[in-house]
Amino acid sequence: MAKDKTVPSPVQAPKVPWKPCYMFFYGSLMDSDVLRSILRIPSTPPMRTGSIPNFKMKMWSVYPTLVRHISGTVKGVLYWIDDETHFETLAQYETKAYTWCFCDVKLDDNENGNEVGVTGDVHGGEEVLKDCRVFVWAGKSDSKELEGGSFDLEHYRQHYKWRVVR
């Protein structure tokens, strides 16, 4: 039987000053209407697709969350945030069940976007953005509150999105 490579200790948010960054989303915030509604911005936000290594998705009831996992990879989208109040609004939306940490994101689209202030590397033709932020599970990754599973964006759009986007 394969040994589980989940890292059980909780993630601690780094104590660093705010600076503009890419946020990596893997759940309801992948829907641009939801993100626009939460941040109260007037237009559809530009997003890029990518994936982060060393994390695994688990479900907290109907809500996806991430835990550290040595051989895991999670797909999602990136959104550039240059306003600290937007970051704080997203943290409130995520609740205290989540915290944030830095992550490196491998871009799927390999396009050169606005990466002001973001360090990027190209490895074998793949672009990797450093020091992005992602919201992850604030508790222990082996918590009994979490179950295996995946997030179905289309199911979310059909059954839950209306509760957020009005």
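Here the residue numbers are simple positions, counted from 1 along each chain's written sequence. Whole-chain, interface and lining totals are the exception, using all residues; otherwise, since this is a predicted model, local features are given only for residues with pLDDT of at least 70 and side-chain atom pairs are given and counted only at 80 or more. The basis for the side-chain values is all heavy atoms of the structure; hydrogens and waters are excluded.

**Student:** Please set out the pairing of strand E2 (residues 48-60) residue by residue, giving values where relevant.
**Tutor:** When a strand is regular, its side chains alternate between the sheet's two faces. Here E2 runs beside strand E3 (residues 63-81); their pairing, made up of twelve bridges, is antiparallel. Bridging from a neighbouring strand, Lys-58 pairs with Thr-65 of E3. DSSP bridges decide pairing: two strands pair if at least two such bridges lie between them. We count a stretch as a helix when DSSP gives it H or I for four or more residues in a row; a strand needs E for two or more, and each element gets its number in order from the N terminus. Linkage of E2 to E3, two consecutive antiparallel strands, is achieved through a turn of two residues, within which Ser-61 is found at a positive phi near 60 degrees. In this structure, E2 lies alongside strand E4 (residues 98-107), joined through two bridges in antiparallel fashion. Within E4, the position partnered with Gly-50 by the bridge is Leu-107.

**Student:** Report on the packing of aromatic side chains, specifying residues and quantitative values.
**Tutor:** Only centres within 6.5 Å qualify two rings of Phe, Tyr or Trp (six-membered ring in Trp) as a pair; their planes then separate them into stacked at under 30 degrees, edge-to-face at over 60, and tilted for everything else. In total, this model carries ten aromatic pairs according to the counting rule given. Between the aromatic rings of Trp-100 and Phe-102, the centroid separation amounts to 5.0 Å while the plane-to-plane angle is 90 degrees, which identifies the pairing as edge-to-face. For Phe-102, a relative accessible area of 30% corresponds to the partly exposed category. Counting every residue linked through ring pairs, the aromatic cluster contains Trp-18, Phe-87, Trp-100, Phe-102 and Phe-135. A ring is considered to have a charge above it if a Lys NZ or an Arg CZ atom is located within 6 Å of its centre and within 35 degrees of its normal. It is Arg-133 that lies over the ring of Phe-87; its NZ or CZ is 4.8 Å from the centre. The residue whose ring lies beneath Arg-133 is Trp-100, and the NZ or CZ to ring-centre distance is 3.8 Å. Each residue's exposure class comes from its accessible area (1.4 Å probe, protein chains only) as a fraction of the maximum for that residue type: buried when under 20%, exposed when over 50%, partly exposed otherwise.

**Student:** Lay out the environment of Pro-20 with the relevant residues and their values.
**Tutor:** Checked against the element boundaries, Pro-20 lands in the segment before strand E1 (21-25). On the basis of relative accessible area, Pro-20 is assigned to the partly exposed category, the value being 34%. For the pair Pro-20 and Glu-84, spaced 64 residues apart in the sequence, the C-alpha separation amounts to 7.5 Å. Those residues in contact with Pro-20, other than ones at most four positions away along the chain, are Trp-80, Ile-81 and Asp-82. Two residues qualify as a contact provided that any one of their heavy atoms is within 4.5 Å of a heavy atom in the partner residue.

**Student:** Give a description of the confidence of the model for the protein chain that names residues and reports values.
**Tutor:** For the protein chain, per-residue confidence averages 87 on the pLDDT scale, and residues scoring 70 or more make up 84% of the total. Per-element averaging of pLDDT across the protein chain places strand E5 (residues 120-123) at the bottom with 54 and E1 at the top with 97. Segment residues 113-119: pLDDT under 50, and 14 contacts once partners within four positions in sequence are set aside and those in other chains are kept. Per residue, pLDDT measures the predictor's confidence, with a range of 0 to 100.

**Student:** Hey, could you go over the nonpolar core for me, with residue numbers and the actual values?
**Tutor:** Counting 43 residues, the largest nonpolar core has Phe-24, Phe-25, Ile-52, Leu-66, Leu-90 and Val-134 as the members making the most contacts within it. Counting only elements with at least two residues in this core, the list comes to E1, helix H1 (32-39), E2, E3, helix H2 (84-94), E4, strand E6 (126-137) and helix H3 (153-159). Here the element with the most residues in this core is E3; it accounts for seven residues. Those residues in contact with Phe-24 that lie beyond four places of it in its chain are Gly-50, Ser-51, Ile-52, Val-74, Lys-75, Gly-76, Val-77, Leu-78, Cys-103, Val-105, Arg-133 and Val-134. Residues enter a nonpolar core if they are buried and are Ala, Val, Leu, Ile, Met, Phe, Trp, Tyr or Cys, with the set joined through side-chain atoms within 4.5 Å.

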